[in-house]
Structure formats: C-alpha cells, structure tokens
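Working through the structure, step by step
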Amino acid sequence: DVKVTQSSRYLVKRTGEKVFLECVQDMDHENMFWYRQDPGLGLRLIYFSYDVKMKEKGDIPEGYSVSREKKERFSLILESASTNQTSMYLCASSSSTGLFGAHYGYTFGSGTRLTVV
Amino acid sequence: KQEVTQIPAALSVPEGENLVLNCSFTDSAIYNLQWFRQDPGKGLTSLLLIQSSQREQTSGRLNASLDKSSGRSTLYIAASQPGDSATYLCAVRPTAAGNKLTFGGGTRVLVKP
C-alpha cells in the first residue's frame, strides 16, 4: 500500500514562530500536495509539486512556502505563524506517469492539526 | 471552472438502511473520480476510484457509479453500520497529468444504532 506519512499529528506553536510540516511518501510519486481544511471551507490547495525542486502555487499560498529537495519528501513552511493559520493540514501524493500510475488516484496522509497561539 | 457539489451536506439513517450519497460535477471532461472517507480529526481514506471509461466500481458493501454525460456519481453503501458514520467526499481529476483535484464539500453521515 502507498503510504503518506506526516511527521506530527498535533502541533502547538506560538505566533511568529517558523513552522515546518513534513510529509514523506514511499511510492515514488511525482506529485505531492499540501491542503488545509477548515470547517465550512472544505479542502483548499496551498501548494503542489510535480517534480523535485518544482513547485506551484495552489489557491491559498499566502503565508506559506514549500520545499522539495527529494522526490519522497515535501515540506510546508510557515515563515511566521499566525493565528489564522490554525487548521488541519493534509498532505497527499499521486502519480501521473507509468502504465497505470495515473489510475491509482490520490493518497492522503493522516493530517497534522496545527494550533497557533 | 469545474465545480463539484454534494447534496445533502448531512444525512442520518438507522442502522441497516442503505446509504445513497450524491456527487455532481459541472464539467464532464474528467479523467477519474475518487470517493474518500474522513473520520473526525483524521486524514482522507480512499474508498473507490472510477476511471472516466467505467460505469461503476465495487468494493465489499460499497458501490460507486459514474454517469459522465450527466455529471453525476453515486456512492451506495449497503446495510449501513454505525462504523460507517463519517464524512464522505468525492473529488474529480481533470486529466491523467492533471495535478489538481476538485473536491465536493462532503456529506456527513450518521448511522444510528
């Protein structure tokens, strides 16, 4: 089974701190994604990456940056955490290549609940 | 721009009843459609994936159908159990290389014992 692992289930950080959320996948997927999920707003795409060192902005990139130095790891960075970044953060991966790669859908991690105080 | 809608937003049924969850999308040019389950405070678990060329997919008590021309997918859960209580989300993928899923808002299901 494809596994997407997020390093922390719960995080509490102070306003102004630099925060790193880590995500690792073990199926050699090209694409990786960071979403945030808030009540009433659904899932919103923050950033995604379709290759090592490549990144593209999603729908709500402000206040965030990402890093993808290795294919299996995609990091979300909050440069200066603010209370409005308190949310559930979900990482996902998918494949676009290979004979059946694109047939296998998206796999999500178990989420990181971030609270900024 | 693709829009995905799930109605109703919440559903409550007695145990044993069959569940029918709806997902509609505005642009029929999709590559595949995926159904997910989400328990409170947890990530998304993939339930079923239907390719655009398929009409339905089955896994155990779950059956998902796809009618691309009318922009609809339905997830059926037979003989519901309290453990089926969760939020169910559908998402469409535009192309094989498409990197952005479009999600519905989800249907929150409660199965009462």
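First, a word on what this report is: a plain description of the structure on this page. Quantities reported herein were computed from a predicted structural model and do not represent experimental measurements.

A few points about the overall build of chain A
Scanning chain A from N- to C-terminus turns up 0 helices and 11 strands. Computed over its C-alpha atoms, the radius of gyration of chain A comes to 14 Å, within 12% of the 13 Å expected for a compact globule of 117 residues. With respect to the principal axes defined by its C-alpha atoms, chain A has extents near 45 × 25 × 25 Å. Counting across all 117 residues of chain A, residues that qualify as buried make up 49%. Considering only intrachain contacts with a sequence separation of at least 6, the fraction spanning at least 24 residues in chain A is 56%. Counting every atom, chain A has about 5,700 Å² of accessible surface; 52% of that belongs to carbon and sulfur. Seen as two clouds, the 15 positive and the 14 negative side-chain charges of chain A have centres 6 Å apart.

What to know about the interface of chain B and chain A
Counting from both sides, the interface comprises 21 residues of chain B and, opposite them, 24 residues of chain A. Both faces combined, the contact of chain B with chain A buries some 1,700 Å², and carbon together with sulfur accounts for 53% of it. Joining chain B to chain A, the criterion identifies 1 salt bridge. D59(A) is paired through a salt bridge with K100(B); the nearest N and O atoms lie 3.7 Å apart.

Details of the sheet that holds strand β7 (residues 62-67) of chain B
Residues and elements named next belong to chain B. Pairing in this open sheet of 5 strands is antiparallel, and the strands run β1-β3-β8-β7-β6 from one edge to the other. Two strands bound the open sheet, and with one partner strand each, they are β1 (4-5) and β6 (56-59). Where β6 lies against β7, 4 bridges are found, and the strand directions are antiparallel. Within the sheet, the bridge partner assigned to Q57 lies in β7 and is A64.

Details of the sheet that holds strand β7 (residues 64-70) of chain A
Residues and elements named next belong to chain A. Taken together, 4 strands build an open sheet; the order of strands is β1-β3-β8-β7 and the sheet is antiparallel. Single-partner strands in this sheet number two, and they are β1 (4-6) and β7. Each adjacent strand pair in this sheet contributes to an overall mean axis angle of 20°, direction not counted. As paired elements, β1 and strand β3 (residues 19-25) share 3 bridges and run antiparallel to each other. Bridge pairing in β3 places V4 opposite Q25.

Focus on the pattern of salt bridges
Evaluation of the coordinates by the stated rule reveals 9 salt bridges over all chains. A salt bridge links E69(A) to K53(A); the shortest N-O distance between them is 2.4 Å. A residue pair is termed long-range when its members are at least 10 positions apart, and E69(A) in strand β7 and K53(A) in the loop between β5 (42-49) and β6 (56-57) qualify at 16 residues. Taken individually, E69(A) and K53(A) each receive the classification exposed, so the pair is uniform in this respect. R61(B) is the partner of D84(B) in a salt bridge, and the nearest nitrogen-oxygen pair spans 2.9 Å. You can see D84(B) sitting in the loop between β8 (72-77) and β9 (86-93) and its partner R61(B) sitting in the loop between β6 and β7, a full 23 residues away along the chain. Each of R36(A), D38(A) and R44(A) takes part in a single network of salt bridges with overlapping partners.

Description of the side chain of T74(B)
Residue and element names in this part refer to chain B. By secondary structure assignment, the location of T74 is in strand β8. A relative accessible area of 12% places T74 in the buried class. Sequence-distant contacts of T74, defined by excluding residues within four places in its chain, comprise V20, L21, N22, W35, N63, A64 and S65.

Rules of the game
- Residues numbered from 1 in each chain as written.
- Chains lettered and ligands numbered in written order.
- Predicted model: local features only at pLDDT ≥ 70, side-chain atom pairs only at ≥ 80, totals over all residues.
- Heavy atoms only, no water.
- Helix = DSSP H or I, 4+ residues; strand = E, 2+ residues; numbered from the N terminus.
- Rg over C-alpha atoms; globule rule 2.2 N^0.38 Å.
- Buried < 20%, exposed > 50% of the residue type's maximum accessible area, 1.4 Å probe, protein only.
- Contact = heavy atoms within 4.5 Å.
- Areas by Shrake-Rupley, 256 points an atom, 1.4 Å probe, with all protein chains shown as cover.
- Lys, Arg positive; Asp, Glu negative; His and termini not counted.
- Charge placed at Lys NZ, Arg CZ, Asp CG, Glu CD.
- Buried area = accessible area lost by both parts, 1.4 Å probe.
- Salt bridge = Lys/Arg side-chain N within 4 Å of Asp/Glu carboxyl O.
- Pairing = 2+ DSSP bridges.
- Axes fitted to C-alpha atoms, helices over the stretch in contact; angles between N-to-C directions.

It is worth stressing that arrangement in space is one thing and function is another; only the former is reported here.
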